[in-house]
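The chain contents come next:
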Amino acid sequence: MKKNSVSRRDFLAASGVSLATGLTAAKAAAKSSAPGPVERPNLVFFMPDELRAESIACYGDPVVKTPNMDRLAREGVRFNHCYVQNPVCGPSRCSLMTGWPVHVHGHRSLYYFLRPDEPNLLRYLKQNGYDVFWYGKNDLLASQSFTGSVTEWGSHRGQGRPSPGNGNPWPLNDPHYYSFLYKEGGDRRNYADWGNVQAGIKILERQQEKPFCIFLPLSSPHPPYTAPQGFHNMYDPAKLPPLRPIGLPNKPNFYEAIRKNYNLDPLGEDVFRKIHAVYLGKISYTDWLLGELLEAIERTGHVKDTAVFLFSDHGDWAGDYGLVEKWPSAMDDVLTHIPLIVRLPGGAQGHVSKAIVELYDVMATSLELAGIEANHTHFARSLMPQLHGGPGDPGRAAFSEGGYNVYEPQCFEPANLTPPAIYYVKEKLEVDHPETVSRAAMIQTLEHKLVLRPGGQSELYDVAKDARDLHNVYGDKSYANAQENLIGRLLQLYVLTADVAPRDKDPRGSPPYYPTAHFKEDDWQKKILD
Ligand SMILES: [Ca+2]
């Protein structure tokens, strides 16, 4: 087993102690950029839902147009290898805001969010002088956590539904029905995402006394695969590079199960290419929204005092492998590898960090920028060194987890849908065949990726040769050493992060004894009160 000691930096990060204040680090590298460093900058979190890294131009997609994301990368730092802690909305967001792998507190489902007795980044900000504005979907906080964590929130969610005539266009018995491929949408300004971005822009435009955080958890490019006019048909399916093929050997059981249960088998490759083309169109729409936001930041003079973060909670298959959407225990690169771009006043410009980082590092980074010390134990690491041009930790690994056990009905989606609901087949498959959503744990390095599924098929990829996850070599003797090393390292992660000890202490001695506790319950009370 490879020796993998815990470095001082790891220890400090796990203790919630920063290596350097934002200001100190900023001074060290102030020469690297135009706007100077700023104490306690405003924070803008632009978070598209289901945006995978590789489908953005500056991450290497040869077709898609994402000029605003590319510009943000040129003006800031692009993290080339950022991974989520879970491939599904709720768990990934809970990790993002706590700095905990999902196993630390059981945040593995869509039905257990951060409660008032648990930490979260937004509450740290609000309780330490920031106004926190939230416009978009939830999947993060329990209802009772909102007032303590968020100054003002709202969602234009209702307007985000496809407009009449733009719903599922296929008859129920058509194999396209559960493909999530819909028709072209409406006007780009008639979408929830546009409304939520506008709400954020209004905050930028008004006078603020306190530093602020604007959290924009948007819906795009989440399926269904439909995009507004001007974006839906932006890309020619015939001109896309080849998708990852259908029917690859040694893939987990849910690949075939999804295709069979969604009735996708009869669909030709042209349909999956169209799905992919529309997904790229929806990404370009998301990029346009980012452009609106960046323009407003510039127009309101906030470039100099506002840090802008772009990241997502997970990716999407988007037609690769003949699959659509995502799956709770799937760990493909297109699902776990997301973009992370940060533009920081006084930070490096055009820097690309190639070392592995994890999405929840956003939490530790934001705390350091805001000058807040966490009062809970977490495992996120501040990315401040990279934001000032540092290379990051070349030996770091990323970890991700997913799936449920059959004895955890509280985790499963409720399976109370009936046709024509588009998620009917997904929920039914999970409940009828829970083995397809068995628990999974992934470790990813720059060389290899292991996905361990004790109740299903495990996977191993030679990432250096096979970054597209095409050839599962789990159990292949020529990879025995790599497999053993990764399993050992995964075990170490669980040993080191299995739980967190509360910071508040109980006295070791017994509490004082008060004889009054044993007064007889005679009728003295009655006597007094009568
Ligand atoms: Ca999501």
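See the structure shown above.
As a starting point, this report considers the structure included with it. Here the residue numbering is sequential within each chain, running from 1 through the sequence in written order. Whole-chain, interface and lining totals are the exception, using all residues; otherwise, since this is a predicted model, local features are given only for residues with pLDDT of at least 70 and side-chain atom pairs are given and counted only at 80 or more.

## Considering the packing of helix α3 (residues 67-75) against helix α9 (residues 269-299)
Packed helix pairs are specified by the crossing angle of their axes together with the interaxial distance, meaning the distance between the axes. It is the contact of α3 with α9, at a shortest axis distance of 7 Å, that shows an interaxial angle of 50°. Regarding the angle of α3 to α9, the classification is oblique. Residue-level contacts link P67, N68, M69 and L72 of α3 to D287, L290, G291 and L294 of α9. For the contact of α3 with α9, a count of residues per class yields 5 nonpolar, 2 polar and 1 charged. Here an axis means a line fitted to C-alpha atoms, over the contact stretch when the element is a helix, while the angle between two N-to-C directions is reported on a 0 to 180 degree scale. Elements are defined by DSSP. Helices are runs of H or I of four residues or more, strands are runs of E of two residues or more, and each kind is numbered from the N terminus. When describing relative orientation, an angle under 35 degrees is termed roughly parallel and one over 145 degrees roughly antiparallel, while 65 to 115 degrees is termed roughly perpendicular and anything else oblique. C-beta atoms are placed from the backbone for every residue, and two residues are taken to be in contact when these atoms lie within 7 Å. Under the scheme applied here, ten amino acids are nonpolar (Ala, Val, Leu, Ile, Met, Phe, Trp, Tyr, Cys and Pro), four are charged (Asp, Glu, Lys and Arg), and all others, including Gly, are polar.

## Things to note about the nonpolar core
By size, the foremost hydrophobic cluster in this structure holds 131 residues, and its most contacted members are F46, C213 and F309. Sorting elements by how many residues they give to this core places α9 first, with 14 residues. Not counting chain neighbours up to four residues away, the residues in contact with C213 comprise N42, L43, L122, L125, Y130, V132 and F133. In this usage, the nonpolar core is the set of buried Ala, Val, Leu, Ile, Met, Phe, Trp, Tyr and Cys residues whose C-beta atoms join them within 7 Å. The exposure scheme places C-beta atoms from the backbone and then counts, for each residue, the other C-beta atoms within 10 Å of its own, assigning buried at 20 or more, exposed at 12 or fewer, and partly exposed in between.

## Some thoughts on the packing of helix α7 (residues 192-205) against α9
At their nearest, the axes of α7 and α9 sit 10 Å apart, and the two run at 10° to each other. With respect to α9, the element α7 is oriented roughly parallel. Residues D193, W194, V197, G200, I201 and L204 of α7 form the contact with α9, whose participating residues are L289, E292, L293, A296 and I297. Counted by class, the contact of α7 with α9 contains 8 nonpolar, 1 polar and 2 charged residues.

## As for the environment of D462
Checked against the element boundaries, D462 lands in strand β12 (residues 459-462). C-alpha separation for the pair D462 and Y474, spaced 12 residues apart in sequence, amounts to 9.8 Å. Ignoring any residue separated from it by four or fewer positions in sequence, one finds D462 in contact with H448 and V473.

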